[in-house]
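What follows is each chain in one-letter form.
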Amino acid sequence: MIRVRKNVNELTDDTLLWYSKAVESMKQKDITDPSSWWYQGAIHGYGLDKRPNLANNESWSESSVWEQAEGFPPSEGLVNSQFWQQCQHGTWFFLPWHRMYLQFFEAIVAKTVVELGGPKDWTLPYWNYCDANNPALNPTEQLQALKLPSEFGTNTPNPDFPGLWMKERAQYQLSSQADASCSVAMKLQNFTASSPATSFGGVQTGFSHDSGTFGAVENNPHNLVHVDIGGAMGDPNTAALDPIFWLHHANIDRLWQCWIDQGRENTNDITWLNQVFDFHNADSLPDTLSVKDVLSTEALGFTYSDSYSSSAAPTDSKVFALASAGGSGMFDTIAATTKPFLLGSQSTSAQLEFLPEKQRAAQVPVLGASNSQTPNQVIIVLDNVTGSGVVAPVSVYVKASANSERVLVGKIGLFGLTQSSTPSSTSCLEQGISIELDVTDALQQLRSQTNWNLENLQIELEPGRELGNASVTVGRVSIKAEVV
Ligand SMILES: [Cu+2]
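Residues numbered from 1 in each chain as written. Predicted model: local features only at pLDDT ≥ 70, side-chain atom pairs only at ≥ 80, totals over all residues.

The name given to the protein in an unreviewed UniProt entry is Tyrosinase, with the source organism recorded as Marinomonas mediterranea. The UniProt entry for the protein carries the following comment under Cofactor (unreviewed entry): "Cu(2+)". (UniProt positions renumbered as here; feature names shortened; annotations may be inferred.)

Glancing now at the overall build of the protein. Along the backbone of the protein there are 14 helices and 17 strands. Within the protein, buried positions represent 51% of all 484 residues. If you take every contact in the protein between residues at least 6 apart in sequence, the share linking residues at least 24 apart comes to 76%. (Helix = DSSP H or I, 4+ residues; strand = E, 2+ residues; numbered from the N terminus. Buried ≥ 20, exposed ≤ 12 C-beta atoms within 10 Å, placed from the backbone. Contact = placed C-beta atoms within 7 Å.)

This next bit is on the confidence of the model for the protein. On average, residues of the protein carry a pLDDT of 89, and 90% of them reach 70 or more. Note that pLDDT drops below 50 for residues 309-326; the model gives that stretch 25 contacts with residues more than four away or on any other chain. (pLDDT = per-residue confidence, 0-100.)

Next up on the list: the environment of Trp-37. With respect to the helices and strands, the residue Trp-37 is situated in helix α2 (residues 37-44). Separated by 205 residues in the primary sequence, Trp-37 and Asp-242 have C-alpha atoms spaced 9.8 Å apart. With residues up to four places along the chain from it excluded, the contact list for Trp-37 reads Val-23, Met-26, Lys-27 and Leu-241.

Let us look at the nonpolar core. With 128 residues, the main nonpolar core has Ile-380, Val-391, Leu-414, Leu-437 and Val-439 as its most contacted residues. Counting contributing residues, this core receives three or more from each of domain 1 (3-311) and domain 2 (324-482). Residues contacting Leu-414, with those up to four places away along its chain left out, are Val-227, Val-385, Val-391, Val-394, Ile-433 and Val-472. (Core = buried A, V, L, I, M, F, W, Y, C linked by C-beta atoms within 7 Å. Domains from an automatic or database assignment.)

Residues annotated by UniProt as "domain: Tyrosinase copper-binding" (unreviewed entry) correspond here to residues 89-106 and 242-253. Annotation note: span residues 89-106, helix share 72%, strand share 0%, distance between end C-alpha atoms 21 Å. Secondary structure across residues 242-253 divides into 83% helix and 0% strand, with the first and last C-alpha atoms of the span separated by 18 Å.

Quick look at the packing of helix α8 (residues 216-229) against helix α9 (residues 244-261) now. Axis separation between α8 and α9 bottoms out at 11 Å; the angle between their running directions is 165 degrees. As judged from the angle between their axes, α8 and α9 are roughly antiparallel. Along this stretch, α8 crosses α9, giving a crossing that reads as right-handed. Contacts between α8 and α9 involve Val-217, His-222, Val-225 and Ile-229 from the former and Ile-244, His-248, Ile-252 and Leu-255 from the latter. Looking at the contact of α8 with α9, its residues break down into six nonpolar, two polar and no charged. (Axes fitted to C-alpha atoms, helices over the stretch in contact; angles between N-to-C directions. Parallel < 35°, antiparallel > 145°, perpendicular 65-115°, else oblique. Left-handed = near helix turned anticlockwise from the far one by under 90°. Nonpolar A, V, L, I, M, F, W, Y, C, P; charged D, E, K, R; others polar.)

Below, the discussion takes up the pairing of strand β13 (residues 394-399). Here β13 runs beside strand β14 (residues 407-412); their pairing, made up of five bridges, is antiparallel. In the sheet register, Val-398 faces β14, and the bridge partner there is Val-407. (Pairing = 2+ DSSP bridges.)

Take helix α5 (residues 94-115) next. In a regular helix each residue adds 1.5 Å, so 22 residues correspond to 32 Å; α5 covers 32 Å between its end C-alpha atoms and thus fits that length. Here α5 lies mainly inside the structure; 17 of its 22 residues are buried. Gly-117, located one to two residues past α5, shows a positive phi value of around 95 degrees. (Expected span 1.5 Å × (residues − 1).)

Turning our eyes to something else, we now look at the packing of α5 against α9. Where α5 meets α9, the closest approach of the two axes is 10 Å, and the angle between their N-to-C directions is 130 degrees. Considering their axes alone, α5 and α9 lie oblique with respect to each other. As for how α5 packs across α9, the hand of that crossing is left-handed. Residues Leu-95, His-98, Arg-99, Leu-102 and Phe-105 of α5 lie in contact with α9, whose contacting residues are Trp-246, His-249, Ala-250, Ile-252, Asp-253 and Trp-256. Its residues assigned to classes, the contact of α5 with α9 shows seven nonpolar, two polar and two charged.

This part takes up the sheet that holds β14. The pairing of strands in a sheet comes from backbone hydrogen bonds and takes either a parallel or an antiparallel form. Spatially, β10-β16-β13-β14 is the arrangement adopted by the four strands of the open sheet, whose pairing is antiparallel. Single-partner strands in this sheet number two, and they are β10 (348-350) and β14. Across this sheet, the average inter-strand angle for adjacent strands is 25 degrees, counted without regard to direction. Those strands touched by helix α14 (residues 440-447) are β13 and β14, and its axis lies near 165 degrees from that of β14.

To continue, consider unusual backbone geometry. Cis geometry marks the peptide bond from Phe-72 to Pro-73; its omega dihedral reads 0 degrees. Relative to the assigned elements, Pro-73 resides in the loop between α3 (62-66) and α4 (76-79). The omega torsion across Asn-220 and Pro-221 is 15 degrees, close enough to zero to call that bond cis. If you trace the backbone, Pro-221 turns up in helix α8.

Because the α-helix completes a turn every 3.6 residues, residues three or four places apart line up on one side. Its 14 residues place the ends of α8 19 Å apart at the C-alpha level, agreeing with the 20 Å of an ideal helix rising 1.5 Å per residue. At His-222, α8 shows its maximal kink, close to 35 degrees. For α8, the tally of buried residues reaches 14 of 14 residues, placing the bulk of the element in the interior. In the stretch just after α8, Gly-230 is the one whose phi turns positive, near 65 degrees. (Bend = angle between axes of the 7 residues up to and from the residue.)

Structure, rendered in structure tokens:
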């Protein structure tokens, strides 16, 4: 029988009640037990950083979260085993690794539910925040999609579902529809590409636990949802201890399937297909899966109740044309900042230096020529973003000049900021997070303003909440244009 992963807002049975009971039961188990809540969370990430973060004005740290675990502290051998700290981020393994992770987790919860006297077919639901931008829904329903399901609690637990609450959450709903925007990624044609912004599934890497070069669906909605809920969810070393994590990732996994259902194809690169990852199965025995094993959800025994296309966001034909035109795929940097700068809690502007026109190989019709011309793609790149702590989604704006009105380019989620800024991390080649945003549309809007002159362009960065104890240094901001 095939399991159907359903939208959490459409459940009419006791799925969440049994989930809550299973979480409580799994929390009773020792951190060394693969079927414990703690072990499952540590597969994603584990760390004992003591630096404080704020969630709802209460201080927490990685350390204070992990100290709650049964059997804490775990042995060094377990911490450094091939089973812990395995989550794949900033890589083309992001989607398949998390699909495997969900598959094993779902089986472990389902087994726990049966042991507790529950039904045999427990299935993980998904949190469809993409509905916040679904034009088929009315505004009330759209706003509802931004909220955690009420069973997960607010400032206090829902008394009937104590297992689903977590005190280390910054908030109980997403801040805005822009934090749940699934459409940009869903329009992309390629699973992987040299540019992260045009790559649905991420860029080619080896095993990548800490890297921060995010593909499109990983940045938005994935990272934004993590850091917007914030608290433990905002840090990869604690995120999977929040019960909502699993519903968030079920939705990300659903988006991958929906993207395929739109007629797209995964990469057939053999190094991707053959990559193997280690887990434990529901019988607590070591098990492995390779990427090629998880490309069909039916073969894994499940489907999703709803596809993205049936609740499609408005078709933005311009973006679609851009993404599908392909272009040359070659980009040239035309402007960049010259020194690193600190991000403030208010808006911070980045001063760009433009290359002399002669040196710009990229011809940039979007930046000056007639409206009838098809624009080539222009991308904002943030490189070497380092720091620590959980930072709410950062809005990136462009302005035609210092005094003109700003236009939102997009939001970035600095998920994994602390880890990717740690020199001892496995990704020794890159320091910090690197993010690309497509700025083509925003520049088109600016162009219609009378005082348009490319070299007056301003970029502003603004975090959604006070930074608190978090700190962020942006190594470099640059603008790349597609060579035509
Ligand atoms: Cu995640």
